[in-house]
Amino acid sequence: MLYWLTALSDGGDFFNLFRYITFRAGGAFLTALLFGFVFGRPLIDVLRKTQGKGQPIRDDGPESHFSKAGTPTMGGLLIVGALVTATLLWARLDNVYVWMVLGVTLSFAAIGFADDYAKVSKQNTKGVPGKLRLALGIFIALVASWIATQMHPVELKNQLALPIFKDVLLNLGAFYIVFGVLVIVGAANAVNLTDGLDGLAIMPVMIAAGALGIIAYAVGRVDFSEYLDVHYVPGTGEILIFTAALFGGGLGFLWYNAPPAAVFMGDTGSLALGGALGAIAVATKHEIVLAIVGGIFVVEALSVIIQVAYFKRTGKRVFLMAPIHHHYEKKGWAEPTIVIRFWIISLILAMIGLATLKVR
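Here is what the cut-offs are and how they apply
- Residues numbered from 1 in each chain as written.
- Predicted model: local features only at pLDDT ≥ 70, side-chain atom pairs only at ≥ 80, totals over all residues.
- Heavy atoms only, no water.
- Phe/Tyr/Trp six-rings, centres within 6.5 Å; stacked < 30°, edge-to-face > 60°.
- Helix = DSSP H or I, 4+ residues; strand = E, 2+ residues; numbered from the N terminus.
- Buried < 20%, exposed > 50% of the residue type's maximum accessible area, 1.4 Å probe, protein only.
- Lys NZ or Arg CZ within 6 Å of the ring centre and 35° of its normal.
- Axes fitted to C-alpha atoms, helices over the stretch in contact; angles between N-to-C directions.
- Parallel < 35°, antiparallel > 145°, perpendicular 65-115°, else oblique.
- Contact = heavy atoms within 4.5 Å.
- Salt bridge = Lys/Arg side-chain N within 4 Å of Asp/Glu carboxyl O.

**Thoughts on the packing of aromatic side chains**
At step 1: Here the structure, examined in full by the defined rule, presents ten aromatic pairs.
At step 2: Pairing Phe23 with Trp90 gives two aromatic rings, centres 6.2 Å apart and planes at 75°, and the pair type is edge-to-face. Here Phe23 is found in helix 1 (residues 21–51), whereas its partner Trp90 is found in helix 2 (residues 76–90), with 67 residues between them in sequence.
At step 3: Here Tyr217 and Phe224 contribute two aromatic rings whose centre-to-centre distance is 5.7 Å and whose plane-to-plane angle is 85°, an arrangement assigned as edge-to-face.
At step 4: We classify Tyr217 as buried; its relative accessible area is 16%.
At step 5: Aromatic ring contacts, followed pair by pair, group Phe18, Phe23 and Trp90 into a single cluster.
At step 6: Geometry around Phe224 places Arg221 over its ring, the cationic atom sitting 4.3 Å from the centre.

**Regarding the packing of helix 11 (residues 295–314) against helix 13 (residues 335–355)**
The packing of two helices is summarised by the inter-axis angle and the distance between the axes.
At step 1: Across the interface, helix 11 lies against helix 13 with an axial gap of 8 Å and an inter-helix angle of 120°. In terms of orientation, helix 11 and helix 13 fall into the oblique class. Judged by residue contacts, Gly295, Ile296 and Glu300 of helix 11 engage Phe342, Ile345, Ser346 and Leu349 from helix 13.

**Structural notes on the pattern of salt bridges**
At step 1: The final tally for this structure, using the stated rule, is eight salt bridges.
At step 2: Measuring nitrogen to oxygen at the nearest pair gives 2.8 Å for the salt bridge that ties Arg24 to Glu238. Of the two residues, Arg24 is situated in helix 1 and Glu238 in the loop between helix 7 (222–228) and helix 8 (239–257); the sequence distance between them amounts to 214 residues. Here Arg24 and Glu238 have matching classes, each one buried.
At step 3: Here Arg133 and Asp115 are joined by a salt bridge, their closest N and O atoms 3.0 Å apart.

Set out below in structure tokens:
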């Protein structure tokens, strides 16, 4: 919205700053951060008052989690509110990619909100039926993937780009949209599975978003894409503003979510943020890189898949408990130890993912 102030510029004054994506990204970060600090405590007070007993705790979960009973959920409203407000304020609103990512974020947030509301109101851990959640997520991702394919350059349409091997493109044809659905829905549910400890999910999301934001900015510029030898996808640079807002909103939320958490993000936040990461990866043609920078989420999801498949086949468990962060809890690791080590791994993976931009 503030980009329109450039109409008042003569080319060398203050208003000219609003032409620059980096300047507006900084503004989005600060706006979202301020939003989190201003509205965080009031929102938590409202959630605590309206939810009563807070988020239900699983009976079969780690014993240490029973002490968290009464903690309110739906804290994702703070993150989503911050990033949407900041994005609408600082991004170019004539950019389709911005609306595509925002649409996915808000739609998955709505699914998560309905699920959180059902859990809190009924005081059980079931929420919205899994098949309905999945069907809605697939529909949203299908629309988003189709929009992305319409916006991609002709030479990249329906193509899967590979990191490092810059000259290799795999033509998936019509299956590319299906692949895009798998990326978006998979990312949403993987982040949802990771959100099991105080502060565990939000920092890896912020780190992955930061890496994807840098990638979006690079592939959205002709000069950078040529220098880094990556595929040019015009218009994706504006996504940096969204990721900067997500980072700022995430920090504002982490202030209250750090152990011991005053609020949980709930499915409202985890589904929204995971869906956003997937949508950004599809928009920028960096779906494979998402699996690297979001490697923590991949491992968490795989641990559940492996556990379920192996148990059905043998009646035995591979992990003491899945997702894998619960396995380490059962082994006696302190919650802050697990959280911080997962943060460190996420940062390492993000650096590896960014390194694929320049391999010569």
